[in-house]
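# Breakdown of the fold
The primary structure of each chain is shown beneath.
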Amino acid sequence: MKKLIYSLTLIFALTISANTVSAAGNADKVKTEMTAEQKIQLKRITDRVEEIKAMDKSELSRDEKKALKSELKNLKQEARAMGGGVYLSVGAIIIIILLLILIL
């Protein structure tokens, strides 16, 4: 009975991980072209990031540094939203690894 439960759990976990891997593989194969507007937006984002990197941050106040940091986070989120793709969170990866360790 115990072997049956372990084998069913293993099959279930492998099925889920296989679907995730195949979804990630398909995301690489299907490349969507960016529109001209999206390219302009991405260029604006990269220019702003380079501008922030080139700044002399030693003369900025604490509030100004916080504002720059939050702006960079927002720019990063915008760039990711344009790129698309499938992402696995660290928590999901840890849970999968723990399940595999427990099963095996």
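These figures come from a predicted structure and were not determined experimentally. (Residues numbered from 1 in each chain as written. Predicted model: local features only at pLDDT ≥ 70, side-chain atom pairs only at ≥ 80, totals over all residues. Heavy atoms only, no water.)

A count of helices and strands for the protein chain gives four helices and zero strands. Starting at the N terminus and walking to the C terminus, you meet the elements of the protein chain as α-α-α-α. For the protein chain, the proportion of its 104 residues judged to be buried stands at 6%. Within the protein chain, counting contacts between residues at least 6 apart in sequence, those at least 24 apart form 61% of the total. (Helix = DSSP H or I, 4+ residues; strand = E, 2+ residues; numbered from the N terminus. Buried < 20%, exposed > 50% of the residue type's maximum accessible area, 1.4 Å probe, protein only. Contact = heavy atoms within 4.5 Å.)

So, on to a nonpolar patch on the surface. There is a patch of nonpolar side chains on the surface, built from Val90, Ile93, Ile94, Ile97, Leu98 and Ile101 and spanning about 560 Å² of accessible area. Its location among the elements puts Leu98 in helix α4 (residues 90-103). (Patch = residues over 30% accessible without salt bridge, like charges linked within 9 Å, V, L, I, M, F, W, Y side chains within 5 Å. Areas by Shrake-Rupley, 256 points an atom, 1.4 Å probe, with all protein chains shown as cover. Salt bridge = Lys/Arg side-chain N within 4 Å of Asp/Glu carboxyl O.)

One pass over the structure, following the stated rule, counts four salt bridges. Between Glu71 and Arg48 there is a salt bridge, with the nearest N and O atoms lying 2.7 Å from each other. Linking Glu71 in helix α3 (residues 62-83) with Arg48 in helix α2 (residues 36-54), this pair joins segments that are 23 residues apart in sequence.

In this structure, Ala13 sits in helix α1 (residues 2-29). For Ala13 and Ile103, which are 90 residues apart along the polypeptide, the C-alpha to C-alpha distance reads 9.6 Å.

As a further point, take the environment of Met82. Within the secondary structure layout, Met82 lies in helix α3. On the accessibility criterion, Met82 (22% relative accessible area) is partly exposed. With 41 residues separating them along the chain, Met82 and Gln41 place their C-alpha atoms 9.3 Å apart. Excluding residues within four positions of it along the chain, Met82 makes contact with Met34, Gln38, Gln41, Leu42 and Ile45.

Atomic detail in the predicted coordinates should be set aside for any region of low pLDDT. Scored by pLDDT, the protein chain comes out at a mean of 78, with 78% of its residues at no less than 70. For residues 26-30, every residue scores under 50 in pLDDT, and the model assigns this stretch one contact once sequence neighbours within four places are set aside. (pLDDT = per-residue confidence, 0-100.)

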